[in-house]
Amino acid sequence: MTFDINKDSFVLNPRYRLQWEPAQNCHVLLYPEGLIQLSGSAAEIMQRCTQPTTLNAMVADLERQFPDADGIAQDVREFLQDAQQQHWIVPA
């Protein structure tokens, strides 16, 4: 399922579940074959994918939450492109 990360809305793939994992002391993406540990910044992004969203909406929200962070838009775009390739996010 391809979509344009710059224009289209997307959401967490229903085959994955995002949750805090105390044993790992981090957020993880659970899926039938295992789990993926997420960094703090990756978790911030993926938490915003639990409901349909767009790149622009997500970047605006993160810039409000982290006003002193530089380069958020490019970092989020690169992460979401990887998430799309890994099928963690799908068209909404």
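Residues numbered from 1 in each chain as written. Predicted model: local features only at pLDDT ≥ 70, side-chain atom pairs only at ≥ 80, totals over all residues. Heavy atoms only, no water.

Looking at this structure, how should I read the pattern of salt bridges?
Opposite charge on two side chains allows them to pair when their charged atoms are near. In total, this model carries four salt bridges according to the counting rule given. Linked through salt bridges whose partners overlap, the residues forming this network are Glu44, Arg48, Asp61 and Arg64. (Salt bridge = Lys/Arg side-chain N within 4 Å of Asp/Glu carboxyl O.)

When you look at helix α2 (residues 55–65) in this model, what are you seeing that I'm missing?
Inspection of α2 places Leu55, Met58, Val59 and Leu62 among the buried residues, and these make up the whole buried set. Looking straight down α2, one finds that the buried residues subtend no more than 95 degrees of arc, so they occupy a single side. Residues of α2 that are exposed and point more than 90 degrees away from the buried face comprise Asn56 and Arg64. Those residues of α2 that are buried are in contact with β1 (10–12), α1 (40–47) and α3 (72–85). (Buried < 20%, exposed > 50% of the residue type's maximum accessible area, 1.4 Å probe, protein only. Helix = DSSP H or I, 4+ residues; strand = E, 2+ residues; numbered from the N terminus. Arc of directions from axis to C-beta. Contact = heavy atoms within 4.5 Å.)

Would you mind showing me how to read the state of the cysteines here?
In protein structure, a disulfide is the covalent linkage between the sulfur atoms of two cysteines. Here the structure, examined in full by the defined rule, presents zero disulfides. The thiol of Cys26 is unpaired, and the distance to the nearest cysteine sulfur, on Cys49, comes to 17 Å. (Disulfide = S-S within 2.5 Å.)

How should the nonpolar core be read in this particular structure?
Within soluble globular proteins, side chains that are nonpolar generally end up buried alongside one another. In terms of nonpolar packing, the biggest core is built from 25 residues, with Leu29, Met46, Val76, Leu80 and Ile89 touching the most fellow members. Elements that contribute at least two residues to this core include exactly β1, α1, α2 and α3. It is α3 that contributes the most residues to this core, five residues altogether. In this structure Leu80 touches Ile5, Phe10, Ile45, Cys49, Leu55, Met58 and Ile89, once residues within four positions along its chain are discounted. (Core = buried A, V, L, I, M, F, W, Y, C linked by side-chain atoms within 4.5 Å.)

Please explain the packing of α1 against α3 as it appears in this structure.
Geometry of a packed helix pair, given as the angle between the helix axes and the separation of the axes. Two elements in contact, α1 and α3, have axes whose closest approach is 11 Å; the angle formed by their N-to-C orientations is 75 degrees. If you check the angle between α1 and α3, you find them roughly perpendicular. Residues Ala42, Ile45 and Met46 of α1 touch α3, and the partners they reach there are Val76, Phe79 and Leu80. (Axes fitted to C-alpha atoms, helices over the stretch in contact; angles between N-to-C directions. Parallel < 35°, antiparallel > 145°, perpendicular 65-115°, else oblique.)

Sorry if this is basic, but what is going on with the side chain of Thr53 here?
Looking at the element boundaries, Thr53 is found in the loop between α1 and α2. Owing to a relative accessible area of 12%, Thr53 belongs among the buried residues under this scheme. If we skip the residues at most four places from it in the chain, Thr53 touches Asp8, Ser9, Phe10, Arg48 and Met58.

Mind showing me how you'd approach the layout of surface pockets here?
One number sums up the size of the largest pocket: a volume of about 160 Å³. Around the largest pocket, the lining residues are Ser41, Glu44, Ile45, Leu62, Phe66, Ala69, Ile72, Asp75, Val76 and Phe79. Sort the elements by how many residues they give to the lining of the largest pocket and α3 lands first, with four residues. In terms of residue class, the lining of the largest pocket is made up of seven nonpolar, one polar and two charged. (1 Å grid on protein atoms, 1.4 Å probe; cavity = no way out; pocket = protein on both sides within 12 Å on 5 of 7 lines; lining within 4 Å. Points joined across faces, edges and corners; volume = space filled by probe spheres on them. Nonpolar A, V, L, I, M, F, W, Y, C, P; charged D, E, K, R; others polar.)

In this structure, what is going on with the pairing of strand β4 (residues 34–37)? I would like to understand it.
Regular strands show a simple pattern: their side chains alternate between the two faces of the sheet. Here strand β3 (residues 26–31) runs beside β4; their pairing, made up of four bridges, is antiparallel. Each residue of the ladder has a partner; that of Leu29, found in β4, is Ile36. Following β3, the chain reverses through two residues before pairing antiparallel with β4. (Pairing = 2+ DSSP bridges.)

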